[in-house]
Amino acid sequence: MATTKDPSSDRNLTWQNQTKEDHDDQKATVVETILSRPQFPDEIIHRIIQVLPTKSAVRMSSLSKKFQGAWLSQPVLDFDEGNPHDDTTDNNIHHTKFVNILDKYLDYFHEDEKVKQQLLDKFRVRMTNFSDSDFTMVDELLSLAVRRSVKELDMSIGGDKHAALYCLTLKNPLSLAKSITTLSLENVTIDAEECKSIIFPSLKTMSLKTMRLSRSLISSCPSIEYLTLSSSSMRDGSAPFLVSNSNLKSLEVTYCDFQHVAVVKTNLLESFTFVSESYVRLISLSECRNLISLSILAQHLQYLYITECGHSVKATISSPNLHYIQFTGFSKYKHSIEAQNLARVKITIRHEELNVNEPWEHSSLLRDFLESFASFSGEIVLNIDYVEAQALIFPEDFRNAVSPPLPSLKHLKIIIMSPIWAGNSELMDSLTWIAPSAEIKEM
């Protein structure tokens, strides 16, 4: 299913990019006029070149070899083709000029041994009219960046819809990149089998947009801490999008075409954001024990499972077609749920040590947690085993002083896993207080 987004955002981005491009051209023209004057000190030349976009700086190199050395040695290189034109002929002319600039840079690089030894902090290429004939050039640009031990790599490859997107394979120099700490890819494909051998040992931050993904890509980044995905899908449409990483702290997934999302044993994950207008059958989060923030805005999400994820979590869930929630965790969750079609909620509250100085603290937290389902008209199932049963018992003085959390609930089912608690008067009194209007059934 195709993903959708607000078209006005693309128009605004186009206007912003076009304005920036015009501004850069004007800046380059002014600088070219200034630098055409003789006898500028090298230091001044270097400082002026540093403020120019890379594309303009390359153009300046035709004025003097001094200028050539100035921009070649910069730690940040940014090649941006600009936005495509409406007219095909204009597009072709514009693209040819851009390719000539890239060719010129490659020529300078191969001729200057000193440049090959200089490190790159950032290398960015945005090509908006990519065609099949550009594959070799992009490979060379990547090889150059890798040889200069680039730290931040940003590639955006767009073009004729009939042309194959640029594909990363084992033959690609990126497979040898060990220095990259930040990686941004847009409109790039990755060979499903060969990318298993592409390893980014130093990568901390990765952003992927309009990609077709394989499971092995994420697992190729053992040190990743921040991951953002947008408008992407799995190569195998039915395959789950699975994340299991011991270092990941932040995961953001927006407008992707994933039918099944599973985040498992990602112990350091603090923030998970998911936004989708496509059909999503299932989202499952399990053993994300450091989770603090959870935000899900998914119109067509059907099933949500949250298991052993954090102690104190602030969660916002807006899914009008959500049918089922299964929660296993602690009562310190603070969540807001908008799910008009929610039919069933299954809850297992984990027992935790009570603070003897605040005897009502646990009861207050649990009551507030259950109250978040007060507007729910479906069925709630409480799963009770030997240990967790104690967590559901509210002291009598608390019940007498505080209103019940689910006064209007009609259907409450309990699953008692241990016969020790079957028929326990304290437990049954608490359940009756929790939902005084409900018919309580044991399963």
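Structure report, in brief.

So, how was this worked out
- Counting restarts for each chain, with residues numbered from 1 along the sequence as it is written.
- Predicted model: local features are reported for residues with pLDDT of at least 70 only, side-chain atom pairs are reported and counted for 80 or more only, and whole-chain, interface and lining totals are derived from all residues.
- Based on all heavy atoms of the structure, the side-chain values leave hydrogens and waters out of the count.
- A run of DSSP states H or I qualifies as a helix once it reaches four residues; a run of E qualifies as a strand once it reaches two. Both are numbered from the N-terminal end.
- Contacts were defined at the residue level, with two residues in contact if any of their heavy atoms lie within 4.5 Å.
- Here, Shrake-Rupley sampling with a 1.4 Å probe gives the accessible areas, and only protein chains in the shown set may cover a residue.
- In this description, a line fitted to the C-alpha atoms serves as the axis of each element, helices being fitted only across the stretch in contact, and the angle between N-to-C directions of two axes falls anywhere from 0 to 180 degrees.
- Roughly parallel refers to an angle under 35 degrees, roughly antiparallel to one over 145, roughly perpendicular to one between 65 and 115, and oblique to any angle outside these ranges.
- Left-handed describes a crossing whose near helix is turned anticlockwise from the far helix through less than a right angle; right-handed describes the clockwise counterpart.
- As a working rule, the residues Ala, Val, Leu, Ile, Met, Phe, Trp, Tyr, Cys and Pro are called nonpolar, Asp, Glu, Lys and Arg charged, and the rest polar, with Gly in that last group.
- Throughout this description, the term salt bridge denotes a Lys or Arg side-chain nitrogen within 4 Å of a carboxyl oxygen of Asp or Glu.
- Residue exposure (1.4 Å probe, protein chains only): buried if accessible area is under 20% of the type maximum, exposed if over 50%, otherwise partly exposed.
- In a helix, the anticipated span is given by 1.5 Å times the number of residues less one.
- Two kinds of site are reported from a 1 Å grid over the protein atoms alone, namely cavities, where a 1.4 Å probe fits but cannot get out, and pockets, open sets with protein on both sides within 12 Å along at least five of seven lines, and residues are called lining when an atom falls within 4 Å of a point.
- Grid points are joined across faces, edges and corners, and a volume is the space filled by probe spheres set on the points.
- Pairs were defined over the aromatic rings of Phe, Tyr and Trp, the Trp ring being its six-membered one, requiring ring centres within 6.5 Å. Orientation was assigned from the angle between planes: stacked under 30 degrees, edge-to-face over 60, tilted for the rest.
- To define a nonpolar core, start from buried Ala, Val, Leu, Ile, Met, Phe, Trp, Tyr and Cys residues and group those joined through side-chain atoms within 4.5 Å.
- By construction, the arc corresponds to the directions joining the helix axis to the C-beta atoms.

1. A closer look at the overall build of the protein chain
When you go through the protein chain residue by residue, the secondary structure sums to 11 helices and 22 strands. For the protein chain, contacts bridging at least 24 residues in sequence account for 49% of all contacts bridging at least 6. Summed over all atoms, the accessible surface of the protein chain reaches about 21500 Å², with 49% contributed by carbon and sulfur.

2. Some points on the packing of helix H5 (residues 88–111) against helix H7 (residues 135–147)
Contact pair H5 / H7: the axes reach a minimum separation of 11 Å and the direction vectors enclose 40 degrees. Here H7 runs oblique to H5, going by the angle between their axes. Note on packing geometry: the crossing formed by H5 with H7 is left-handed. For the pair H5 and H7, contact is made by Val99, Leu102, Asp103, Tyr105, Leu106, Phe109 and His110 and by Met137, Glu140, Leu141, Leu144 and Arg147, respectively. Per-class residue counts for the contact of H5 with H7 are eight nonpolar, one polar and three charged.

3. Remarks on the environment of Ser375
Within the secondary structure layout, Ser375 lies in the loop between helix H9 (361–371) and strand S20 (379–384). Sequence separation between Ser375 and Ala339 is 36 residues; the distance between their C-alpha atoms is 10.0 Å.

4. Examining the pattern of salt bridges
Under the definition given, this model contains 13 salt bridges. The closest approach of N and O atoms between Glu152 and Lys122, which form a salt bridge, is 3.8 Å. One end of the pair, Glu152, is in strand S3 (residues 152–159); the other, Lys122, is in strand S2 (residues 122–130), and 30 residues separate them in sequence. Residue classification places Glu152 among the partly exposed residues on the basis of a relative accessible area of 28%. A relative accessible area of 24% means that Lys122 is categorised as partly exposed. As a salt-bridge pair, Glu186 and Lys209 come within 4.0 Å of each other at their nearest N and O atoms. Taken together, the positions of Glu186 in strand S5 (residues 182–186) and Lys209 in strand S7 (residues 205–209) put the pair 23 residues apart, joining distant regions of the chain. Using a relative accessible area of 23% as the deciding quantity, one classes Glu186 as partly exposed.

5. A short note on H5
Under the 1.5 Å per step criterion, the end-to-end length of H5 is 35 Å for 24 residues, consistent within 8% with the ideal 34 Å. Considered for burial, the residues of H5 that qualify are Asn91, His94, His95, Phe98, Val99, Ile101, Leu102, Tyr105, Leu106, Tyr108 and Phe109.

6. What about the environment of Asn321?
Within the secondary structure layout, Asn321 lies in the loop between strand S16 (314–318) and strand S17 (324–329). Judged by relative accessible area, Asn321 falls into the partly exposed class, the value being 30%. Excluding residues within four positions of it along the chain, Asn321 makes contact with Gln299, His300, Leu301, Gln302 and Asn341.

7. A closer look at empty space enclosed by the protein
In the structure shown here, the tally under the stated rule is two cavities of 30 Å³ or more. In this structure, the largest cavity spans a volume of roughly 70 Å³. Every residue lining the largest cavity is listed: Leu304, Ile306, Ala315, Ile317, Ile325, Phe327, Tyr333, His335, Ile337, Phe369 and Phe373. Listed by contribution, the elements that provide at least two residues to the lining of the largest cavity are strand S15 (293–307), S16, S17 and strand S18 (334–338). Taken together, the residues that form the lining of the largest cavity break down as 10 nonpolar, one polar and no charged. What lines the second largest cavity is simply Phe123, Val125, Val138, Leu141, Leu142, Leu153, Met155 and Ile157. Contributions of two or more residues to the lining of the second largest cavity are made by S2, H7 and S3.

8. Some thoughts on the packing of aromatic side chains
In total, this model carries 13 aromatic pairs according to the counting rule given. Pairing Phe79 with Tyr105 gives two aromatic rings, centres 5.2 Å apart and planes at 40 degrees, and the pair type is tilted. Of this pair, Phe79 sits in strand S1 (residues 76–80) while Tyr105 sits in helix H5, and the two are 26 residues apart along the sequence. The exposure class of Phe79 is buried, given its relative accessible area of 0%. Each member of the aromatic cluster is reached from another via a ring pair, and the members are Phe327, Tyr333, Phe369 and Phe373.

9. Describing the nonpolar core
Counting 114 residues, the largest nonpolar core has Phe123 and Phe272 as the members making the most contacts within it. Top contributing element to this core by residue count: H5, with eight residues. Excluding its chain neighbours within four sequence positions, the residues that come into contact with Phe123 are Leu77, Phe79, Tyr105, Leu141, Leu144, Ala145, Val150, Glu152, Leu153 and Asp154.

10. Points about unusual backbone geometry
Notably, Asn187 is not glycine yet its phi reads approximately 60 degrees, a positive angle. Examined against the element boundaries, Asn187 turns out to sit in the loop between S5 and strand S6 (188–190). When its relative accessible area of 16% is taken as the criterion, Asn187 is described as buried.

11. Here we look at helix H11 (residues 425–434)
What H11 keeps buried is the set Leu427, Ser430, Leu431, Trp433 and Ile434. In an axial view of H11, the angular spread of the buried residues amounts to 160 degrees, which keeps them on one side of the axis. As for H11, its buried residues are in contact with H9, S20, helix H10 (396–401), strand S21 (411–416) and strand S22 (439–442).

The values reported here are purely geometric and, on their own, carry no functional implication.
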